[in-house]
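# Examining the three-dimensional arrangement
So you can see what is in the structure, the chains are spelled out below.
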Amino acid sequence: MTSTSESVLTQIPFFRYPHLFNQYRDETLAAMIDVMERGAFILQKDCADFERGIEQFLNVKHAIGVANGTDGLIIALRTAGVQPGDEVIVPSHTYVASAAAIHFVGAAPVLVDCLDDHLIDPDAVDAAVSSKTTCIMPIQLNGRTANMTALQQIADRHKLVIVEDAAQGLGSKFKGRNAGTFGVAAEFSLYPAKVLGCFGDGGLITTNDDRVAEKARLLRDHGRNDAGLVVSWGLNSRLDNLQAAILNVRLKHFHAEIERRRELARLYREGLGEVDELLLPPGPGDDPDHFDVYQNYEIEAARRDDLRAHLERDGVRTIIQWAGTPVHGFGLPGVRLTDLPRTRLLFERCFLLPMNTSLADDEIRYVCSSIRRFYGRAD
Ligand SMILES: Cc1ncc(COP(=O)(O)O)c(C=O)c1O
């Protein structure tokens, strides 16, 4: 249990970026200095160690470090065989990067609705399959893994591949199996605010398929094989070795980080569970099929905008994902405008409460009591 003084309670930012460094300051500095003294900047031991560490952590055959999550998605889609002209089914409640990656492989994103837990609705996926569909891209959103059994059944029935956008899902599980190990290929983002964040951009591709892994390794490094020979077209999308060294430090503490996030989610439920104007994310342990890591704490609230203004006055910063617009709302070329009723309702009501491991228990309690006061509940 951690606690904090009254003065800190007056200002709760959404995310404390300096905490990323300060948290494991000495270990991180030592790792960075070591890399720089060795002059080990591109595709060196630290990157390989990180990839092996992730393989072990996720129980997956291959992890491949890339420059960012968006590149990871583009490479994952290409290695999974998605072609120009194909359709890829993806929920509209996601970062534009998911749809952009589909666009940049020449395919079309077909946007579908979500369920009450804010993840892709398998029935909506089934209904959206056309003769052009080749791939389903579930988003392992907010640190929760979608119902992969239902999605795999649909994929099998229609002979589709699954590419997971697990940018927000590292460490989350469905039926005991890790996000990033279900699809033909998957991608993770290592952006600073992610559950496992580095000090800039970074990403990962994971797969259990040797051929997919080989293609992904070529694609991230100019199509060059181990001997340096160019055997295919490729990109420059390598995870920086310095970032990998930082991530190796953070990976050592990752189990504890996840446990802390789950504890914070428990505190939010304790403080807000009885406020029936709110819809909270499922609590940790509520459903044995899901192990959630709470990348975000996305709630739905009656009178959302007034509640956010009230929290702001109380010194609590909140945000709405994607600036409050799901992908189908941006009017991007090639994206069909569809009415997605659950997503529409969600975006009238959803926002994110602070959720990260810099937060003290008392800060969560402070946020909860501010919200209870807004709805006229006694403290
Ligand atoms: C769901 C989702 N997909 C893809 C991405 C893209 O990752 P990156 O910012 O590392 O390119 C993000 C990043 O926020 C994300 O949240």
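Residues numbered from 1 in each chain as written. Predicted model: local features only at pLDDT ≥ 70, side-chain atom pairs only at ≥ 80, totals over all residues.

## Remarks on helix α3 (residues 25–38)
For α3, with 14 residues, the first-to-last C-alpha span of 20 Å sits near the 20 Å given by 1.5 Å per residue. Phi turns positive one or two residues past the end of α3, at G39, with a value near 65 degrees. (Helix = DSSP H or I, 4+ residues; strand = E, 2+ residues; numbered from the N terminus. Expected span 1.5 Å × (residues − 1).)

## Some words on the site of the ligand
Residues in close proximity to the ligand total 15 residues, the closest being G69, T70, A97, A167 and S189. Broken down by secondary-structure element, the contributors of at least two residues to the shell around the ligand are α5 (69–79) and α6 (96–104). The class makeup of the residues in the shell around the ligand is five nonpolar, eight polar and two charged. (Near = placed C-beta within 6 Å. Nonpolar A, V, L, I, M, F, W, Y, C, P; charged D, E, K, R; others polar.)

## Here we look at the packing of helix α12 (residues 304–313) against helix α14 (residues 361–374)
Between α12 and α14, whose axes approach to 10 Å, the crossing angle comes to 130 degrees. The orientation of α12 relative to α14 falls into the category oblique. Handedness of the crossing formed by α12 with α14: right-handed. Contacts from L307, H310 and L311 of α12 reach α14 at S370, I371 and F374. Looking at side-chain class alone, the contact of α12 with α14 contains four nonpolar, two polar and no charged residues. (Axes fitted to C-alpha atoms, helices over the stretch in contact; angles between N-to-C directions. Parallel < 35°, antiparallel > 145°, perpendicular 65-115°, else oblique. Left-handed = near helix turned anticlockwise from the far one by under 90°. Contact = placed C-beta atoms within 7 Å.)

## Here's the deal with the nonpolar core
Counting 102 residues, the largest nonpolar core has A76, L77, A80, V88, I136, V163 and I205 as the members making the most contacts within it. A total of six residues in this core trace back to one element, the largest contributor, which is α14. Not counting residues within four places of it along the chain, the set of residues in contact with A76 comprises V163, A185, A186, E187 and I205. (Core = buried A, V, L, I, M, F, W, Y, C linked by C-beta atoms within 7 Å. Buried ≥ 20, exposed ≤ 12 C-beta atoms within 10 Å, placed from the backbone.)

## Structural notes on the domain arrangement of the chain
Here the chain is described as being made up of domain 1 (25–252) and domain 2 (254–374). Centre-to-centre, using C-alpha coordinates, domain 1 lies 24 Å away from domain 2. For the side of domain 1 that touches domain 2, the secondary structure elements donating two or more residues are α6, β3 (108–112), β6 (173–174) and α10 (241–252). Sort the elements by how many residues they give to the side of domain 1 that touches domain 2 and β3 lands first, with four residues. Here the residues of the side of domain 1 that touches domain 2 sort into 12 nonpolar, 11 polar and seven charged. (Domains from an automatic or database assignment.)

## Thoughts on the sheet that holds strand β13 (residues 350–353)
Two modes of strand pairing occur in sheets, parallel and antiparallel, and in both the strands are linked by backbone hydrogen bonds. Spatially, the three strands line up as an open sheet ordered β10-β12-β13, and their pairing is antiparallel. Each edge of the sheet is formed by a strand with only one pairing partner; in this case those strands are β10 (278–279) and β13. Relative to β13, strand β12 (residues 297–301) runs antiparallel, the two sharing four bridges. For E300, the partnering residue across the bridge sits in β13 and is C350. (Pairing = 2+ DSSP bridges.)

## Details of the pairing of strand β5 (residues 161–165)
For β5, the tally of buried residues reaches four of five residues, placing the bulk of the element in the interior. Pairing geometry for strand β4 (residues 133–136) and β5, over two bridges, is parallel. Directly across from C135, in β5, lies its bridge partner V161. The handedness of the β4 to β5 crossover, carried by helix α8 (residues 148–158), is right-handed. (Right-handed = clockwise from strand over helix to strand, strands pointing away.)

## Quick word on the environment of N241
With respect to the helices, strands and loops of the structure, N241 is situated in helix α10. Owing to 23 C-beta atoms within 10 Å, N241 belongs among the buried residues under this scheme. In sequence terms N241 and K45 are 196 residues apart; their C-alpha atoms lie 7.9 Å from each other. With residues near it in sequence (within four places) discarded, N241 still touches V35, A40, F41, I42, L43, Q44, D46 and C47.

## Here's the deal with the sheet that holds strand β2 (residues 87–91)
Taken in spatial order, the seven strands of this open sheet run β1-β9-β8-β5-β4-β2-β3, and their pairing is mixed. On the outer flanks of this sheet lie β1 (62–66) and β3, each paired with one strand and no other. Going across the sheet, the axis of each strand differs from the next one's by a mean of 25 degrees, ignoring polarity.

## Topic: the confidence of the model for the chain
When pLDDT is averaged along the chain, the result is 96, and 97% of the positions lie at 70 or above. Within the model, the stretch residues 1–9 combines pLDDT values under 50 with 13 contacts to residues more than four positions away or in other chains. (pLDDT = per-residue confidence, 0-100.)

## Focus on unusual backbone geometry
The phi torsion of most residues other than glycine is negative, and most of the peptide bonds are trans. For N142, which is not glycine, the phi torsion reads 60 degrees and is therefore positive. Judged by the 23 C-beta atoms lying within 10 Å of it, N142 is buried. Phi is positive for H222, close to 60 degrees, though the residue is something other than glycine. For H222, the position within the fold is in the loop between α9 (210–220) and α10. A residue is classified by how many C-beta atoms lie within 10 Å of it, and H222, with 15 of them, is partly exposed.

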